[in-house]
Amino acid sequence: MIRLTLSQMRTGARRLAAAGIAVVAATAFVAATLLAGVLAKDTTYRTVTASLAEASVVVRGTDDQPLGPADVRSVAGLEQVAAADGVLKLYAQVDAGAEQDAAVIAPVASHEALEVFDPAEGRLPERDGEVALTTSTAERLGAAVGDVVRVEHQQFVEASPGSPEDGGTWEAVSDELSVTGLVKDPQAILGSSSTVLVTRDVADAWASAEAADGELRYDQVLVAGAGGTGGAAVADEEVAKSVRAALPQADVRTALEEAEAKTAELTGQAQTLTYFVLAFAAVAMFVAALVIANTFQVLVAQRARTLALLRCVGATKAQVHRSVLLEATVLGVVASTAGLLLGLALGQGALWFLQGADLGVDVAGTVPLTAPLLAVPLLTGTAVTVLAALAPARTATRVAPLSALRPAPDPASRAGGGRVRRWAAVGLGTVGALLLGGASAAILVREDSGNLMGLALLVGIAGGILSFAGVMVGAVFVVPRAVSAAGAALSALAGRHRATVRLATVNSTRNPRRTSATASALVIGVALVVMMATGAATARTSLDRALAETFPVDVMVQGEQVTPAHLDAVRGADGVYVAAPVTSATVQLGSGASTTEVNLLGIDPARAAEVVRDPALFAELDDDVLLLGDKVAETAALESGQDVTVTTSGSEVTRTVVVVPAGTLAVASAVTLEQLSPGAPVVAVWARLADDVPAAETVRDVQDAVVEASDDVVPYVTGLAAERQIYADVIDTLLAIVIGLLGVAVLIALVGVANTLSLSVIERRHEHALLRAVGLTRSQLRGTLVVEGVLIALVGTVLGVVLGMLYGWAGSVVLLGATGDVTLAVPWLHLGAVAVVALVAGLAASVLPARSAVRTPPVAALAA
């Protein structure tokens with residue numbers, strides 16, 4: 001029987017092709033989905049942890065116990081650690097002749113795994129008196145390897161007896177250093193491209209001199225793991241464990257945990273991307289199971305007469321059953337292997353494309369081959385194919401041999417759904433809707449929704465699967481009625497082709513199960529595409545708002561001497577849409593003993609609404625309002641609508657508090673600040689860039705313009721737009737990968753529609769022959785099948801769009817609800833494209849069945 005089954009597979013290769021394509025496409029879809037998940041996390045982590053280099057562990061101190069050199073030495077001496085470096089935050093002015101620039105000071109790493117900067121020319125500093133510059137800084141200064149530059153930094157000087165300063169003050173000191181090399185500009189997410197690298201000893205000495213108490217403190221410590229026995233690297237978890245034992249007071253995270261935490265700063269939930277990928281993979285597997293089952297049912301139905309013939313010549317029911325399952329197993333293994341290879345090939349091709357697209361993000365060069373990535377698609381495709389063949393195999397064994405040899409279809413297939421199917425559809429749909437709605441409501445209502453996200457996602461996935469299963473089970477009741485209504489509407493518009501439309505409508509609704517199976521294939525593909533497009537649009541809108549709150553201003557020029565020339569330079573830079581000066585004064589909020597000291601910024605309200613990315617942030621700012629960030633308001637115990645007294649050494653005003661999601665920001669109108677502190681200095685320029693300009697390049701242009709406008713001290717330029725653009729590019733890249741993968745769903749849907757329409761033609765061969773015999777022309781028969789395909793495609797598209805939007809919105813609420821307000825969006829462009837593609841798919845799917853029907857002579861069809 002095994003040899004007979006394999007022989008049948010060889011002779012029936014054309015019949016197996018359709019099922020094989022579906023299995024290949026579905027398996028490739030699962031493989032590509034899992035790969036997209038791996039690459040999504042990898043790309044995001046590479047981007048948000050660019051400042052960590054290849055560190056294994058990140059250590060942070062606390063406000064009470066900051067990290068110092070002794071802590072770094074104790075960590076570096078551990079057996080599991082190769083090197084440990086403290087991270088400093090210092091600023092300096094760099095001069096070369098008549099040119100100057102503002103820059104960040106960074107020490108050269110003690111280990112290659114901790115080095116963030118890549119040399120472009122020359123070498124990194126090795127001794128005191130040496131310096132390396134980023135290429136952009138070297139261009140501004142006109143400096144090259146071998147030149148000498150002057151680096152001016154701050155040094156704290158204690159007050160002399162009788163001086164007016166309280167305790168001391170800072171003064172500028174200069175050091176002349178020789179340029180030993182140039183390094184590539186860091187990614188925009190690391191901040192300014194202006195950086196000077198010096199040796200660790202020099203950086204530590206400068207940082208100690210700048211500290212008021214002379215104590216050297218590090219913002220964080222990066223730790224590189226050592227090689228283990230046989231040269232194997234020590235696991236990050238082991239390194240973290242040893243560091244925690246050495247520094248029990250510190251916050252110790254592995255690189256992976258740090259990546260999750262940094263992602264959480266943007267998304268509000270560390271596991272959002274992981275959950276998103278798991279949800280997408282679960283949906284993909286469920287869709288693959290439905291499509292493969294539907295396709296294999298068509299295959300077995302096409303071979304029903306051959307199986308019956310085997311029964312007539314002596315094959316037992318068990319042998320026929322095993323033959324079908326063996327065929328499914330072989331088909332599943334071969335097609336799943338091909339699908340796995342196809343998915344990996346698509347993933348590698350996508351990587352090559354993304355690397356050549358210069359997106360500004362670090363993308364992996366090759367596909368990461370992991371055991372789950374290889375095993376899950378292969379096992380899923382094979383198992384689902386075998387499971388899909390169980391019901392058809394059982395059906396084939398139950399049909400009497402002589403009855404199965406008759407050309408007429410099984411009468412039972414013409415019946416609609418029974419009472420059990422009806423109640424099953426209602427039950428599954430109701431339970432699924434309740435679970436999905438409950439998960440969404442829990443995320444929106446509960447204050448600790450971030451902690452419930454994992455459970456809510458599992459409940460939401462279960463609810464989505466159950467409700468979708470209910471729709472699929474109940475499609476036999478809904479689809480025929482919807483097709484009948486669409487046919488009636490189309491018939492009224494058909495004119496002289498009304499008879500063809502009516503015949504197609506009757507043929508489409510005569511067999512409810514066949515019609516619903518045909519439409520279901522398209523519903524699955526369309527629903528998945530629309531679901532992801534809706535989720536992507538909602539996520540993009542919601543994350544845009546989060547980015548606007550996190551990075552409210554595109555460019556900030558800050559310094560002690562921000563002059564009108566600097567303002568003019570920023571306004572005149574290419575790509576700058578609007579710029580506004582910002583004044584500053586130290587004020588007291590409250591009165592009596594309960595006062596809070598804050599640094600109050602002053603800006604023209606009209607300019608403020610234009611310069612920030614989210615106009616709602618400063619929408620209520622006027623001369624009678626004081627805007628406070630949520631953290632400042634919490635510290636000062638103030639709420640929106642409350643009046644507060646704002647005082648300085650010489651003035652006092654009362655303003656109404658408005659709390660905004662702006663952290664430690666405190667803003668008043670320029671008029672209010674002038675009343676409080678007449679002649680307050682301009683300490684910053686806020687600028688917004690045009691929407692269609694490359695952020696990183698424009699920020700560098702602003703830096704160049706500020707340098708040229710500076711006579712003495714160069715203000716420091718912070719390019720938040722470049723950082724926001726990096727995050728936006730990551731989001732766009734991930735969404736593009738996801739949407740691109742959904743093209744496979746359209747292919748699967750097209751295969752399913754073509755298969756079921758082919759089965760429809762086979763079952764109705766006698767019927768078509770009779771119609772031809774009584775005068776129906778070939779063009780009319782072809783038109784009938786085309787209209788039938790269009791009607792089913794139309795109904796499947798509408799149902800898929802509705803389901804996809806509902807699932808997309810619900811999924812967005814569950815995934816993004818914990819991060820803040822979710823703005824539901826409708827992807828109109830995608831919906832239009834899906835509708836066109838689905839209708840074209842219905843037409844294309846009817847082409848081959850129609851050709852088969854019109855090419856068969858009526859006499860031959862009647863004799864079959």
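Colleague: Sorry, what's going on with the pattern of salt bridges here?
Modeller: Any two side chains of opposite charge can pair, given that their charged atoms come close. Enumeration over the complete set of coordinates arrives at 12 salt bridges. Put simply, Glu130 and Arg127 hold a salt bridge, and the shortest N to O gap is 3.0 Å. When the shortest N-O distance is used, the salt bridge between Arg253 and Asp251 registers 3.6 Å. The exposure class assigned to Asp251 is partly exposed, which follows from its relative accessible area of 32%. The network of salt bridges with common partners includes Arg60, Asp251, Arg253 and Glu258.

Colleague: Is there a simple way to explain the sheet that holds strand S10 (residues 220–225) in this structure?
Modeller: Backbone-to-backbone hydrogen bonds pair the strands of a sheet. The strands run either parallel or antiparallel. Sheet architecture is open: 4 strands sit in the order S2-S10-S1-S11, paired in antiparallel fashion. Because the sheet does not close on itself, it has two edges, and the strands there are strand S2 (81–87) and strand S11 (251–254). When strand polarity is set aside, the average angle formed by the axes of neighbouring strands in this sheet is 20 degrees. Across 3 bridges, strand S1 (residues 57–60) lies against S10 in antiparallel orientation. Residue pairing for S10: Val57 is matched across the bridge by Val223. Packed on one face of the sheet, helix H6 (residues 236–246) meets S1, S2, S10 and S11 and runs near 170 degrees to S11.

Colleague: Sorry if this is basic, but what is going on with the packing of helix H17 (residues 564–572) against helix H21 (residues 695–708) here?
Modeller: Contact pair H17 / H21: the axes reach a minimum separation of 9 Å and the direction vectors enclose 150 degrees. Relative to H21, the element H17 is oriented roughly antiparallel. Note that H17 runs across H21; the crossing there is right-handed. For the pair formed by H17 and H21, the contact residues are His566, Ala569 and Val570 on the first element and Val702, Ala705 and Val706 on the second.

Colleague: I tried to follow the packing of aromatic side chains on my own but got confused; where do I start?
Modeller: By convention here, two paired aromatic rings are described through the distance between centres and the angle between planes. Following the criterion strictly, the structure yields 2 aromatic pairs and no others. Judged by centre distance (6.3 Å) and plane angle (20 degrees), the ring pair of Phe618 and Trp686 falls under stacked. Highlighted residues: Phe618 in the loop between helix H18 (605–611) and strand S15 (625–629) and Trp686 in strand S19 (residues 682–689), separated in sequence by 68 residues. Given a relative accessible area of 2%, Phe618 falls into the buried group. The exposure class assigned to Trp686 is buried, which follows from its relative accessible area of 4%. Over the aromatic face of Phe477 sits the side chain of Arg422, whose NZ or CZ is 4.4 Å from the ring centroid.

Colleague: Explain the side chain of Ser440 here, please?
Modeller: Topologically, Ser440 is positioned in helix H13 (residues 419–445). Once residues within four sequence positions are removed from consideration, Ser440 is found in contact with Ala810, Val813 and Val814.

Colleague: Before we go on, may I ask you to explain a positive patch on the surface in this structure?
Modeller: A contiguous patch of positive charge, built from Arg778, Arg782, Arg851 and Arg855, is present on the exposed surface. At the level of secondary structure, the elements contributing two or more residues to the positive patch comprise helix H25 (778–816) and helix H26 (828–855). As for its placement among the helices and strands, Arg851 is situated in helix H26.

Conventions adopted
- Residues numbered from 1 in each chain as written.
- Predicted model: local features only at pLDDT ≥ 70, side-chain atom pairs only at ≥ 80, totals over all residues.
- Heavy atoms only, no water.
- Salt bridge = Lys/Arg side-chain N within 4 Å of Asp/Glu carboxyl O.
- Buried < 20%, exposed > 50% of the residue type's maximum accessible area, 1.4 Å probe, protein only.
- Pairing = 2+ DSSP bridges.
- Helix = DSSP H or I, 4+ residues; strand = E, 2+ residues; numbered from the N terminus.
- Axes fitted to C-alpha atoms, helices over the stretch in contact; angles between N-to-C directions.
- Contact = heavy atoms within 4.5 Å.
- Parallel < 35°, antiparallel > 145°, perpendicular 65-115°, else oblique.
- Left-handed = near helix turned anticlockwise from the far one by under 90°.
- Phe/Tyr/Trp six-rings, centres within 6.5 Å; stacked < 30°, edge-to-face > 60°.
- Lys NZ or Arg CZ within 6 Å of the ring centre and 35° of its normal.
- Patch = residues over 30% accessible without salt bridge, like charges linked within 9 Å, V, L, I, M, F, W, Y side chains within 5 Å.
- Areas by Shrake-Rupley, 256 points an atom, 1.4 Å probe, with all protein chains shown as cover.
- Lys, Arg positive; Asp, Glu negative; His and termini not counted.
- Charge placed at Lys NZ, Arg CZ, Asp CG, Glu CD.

These figures come from the coordinates and say nothing about function on their own.
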